[in-house]
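# Survey of secondary and tertiary structure
Spelled out from the first residue to the last, the chains are:
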Amino acid sequence: MPPGTAEVMHFHERANQVFYVLSGTLTLKVGEKLEHLSSGDSFNVCPGQRHQARNESNSEDACFLVISAPTTKGDRIPS
């Protein structure tokens with residue numbers, strides 16, 4: 001994720017997601033709480049939790065994996 005970018009706040013009705021940071025830093029807004037993750041950190045987002053991934057850095061990409069089970073295809077609801 002390039003510096004200064006963010007996805008739209010959303011939730012999934014069925015999918016559980018685990019975010020795992022490979023490099024850089026990632027901020028996850030989960031509800032009204034902010035989680036700041038660095039390389040090697042992970043965070044679980046349960047179904048129904050509103051969330052948004054952000055790269056608040058001015059200069060560094062955030063590289064991360066998102067593992068979703070079941071698939072998020074057709075299960076992303078903007079909020």
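In what follows, the structure referred to is the one given above.
My aim in this report is to walk through the structure given alongside it, one point at a time. (Residues numbered from 1 in each chain as written. Predicted model: local features only at pLDDT ≥ 70, side-chain atom pairs only at ≥ 80, totals over all residues. Heavy atoms only, no water.)

## Topic: the nonpolar core
Stated precisely, the cut-off is as follows: We define the nonpolar core as a collection of buried residues of types Ala, Val, Leu, Ile, Met, Phe, Trp, Tyr and Cys that are connected through side-chain atoms lying within 4.5 Å of one another. Note on exposure labels: buried denotes an accessible area under 20% of the residue type's maximum, exposed denotes more than 50%, and partly exposed covers the range between, all computed with a 1.4 Å probe on protein chains only. The helix count covers DSSP runs of H or I at least four residues long, the strand count covers runs of E at least two residues long, and both are numbered beginning at the N terminus. Note on contacts: a residue pair is in contact if any heavy atoms of the two residues lie within 4.5 Å.
With 10 residues, the main nonpolar core is built from Phe19, Val21, Leu26, Leu28, Val30, Leu37, Phe43, Val45, Ala53 and Ala62. In terms of residue count, the dominant contributor to this core is strand β3 (residues 25-30) (3 residues). Excluding residues within four positions of it along the chain, Val30 makes contact with Phe43, Val45, Gln49, Arg50 and His51.

## A word on the pairing of strand β5 (residues 42-45)
Within a regular strand, side chains alternate between the sheet's two faces. In plain terms, the rule: Two strands qualify as a pair provided that DSSP identifies no fewer than 2 bridges between them.
Every second residue of β5 is oriented toward a common face, the buried set being Phe43 and Val45 and the non-buried set Ser42 and Asn44. Here 4 bridges tie strand β2 (residues 16-23) to β5, and the two strands are oriented antiparallel to one another. Along β5, the bridge assignment pairs Gln17 with Val45.

## What about the side chain of His12?
Defined as follows: By the criterion applied in these results, polar contacts are pairs of N or O atoms within 3.5 Å in which, for protein atoms, one can donate a hydrogen and the other can accept it, and in which residues neighboring in sequence qualify only through two side-chain atoms.
Looking at where His12 falls in the secondary structure, it is placed in the loop between β1 (10-11) and β2. The class of His12 is buried, set by a relative accessible area of 3%. In terms of polar contacts, His12 uses its side chain to reach the side chain of Gln17, at 3.3 Å. When near neighbours in sequence (up to four residues on either side) are disregarded, His12 contacts Gln17, Pro47, Gly48, His51, Thr72, Asp75 and Arg76.

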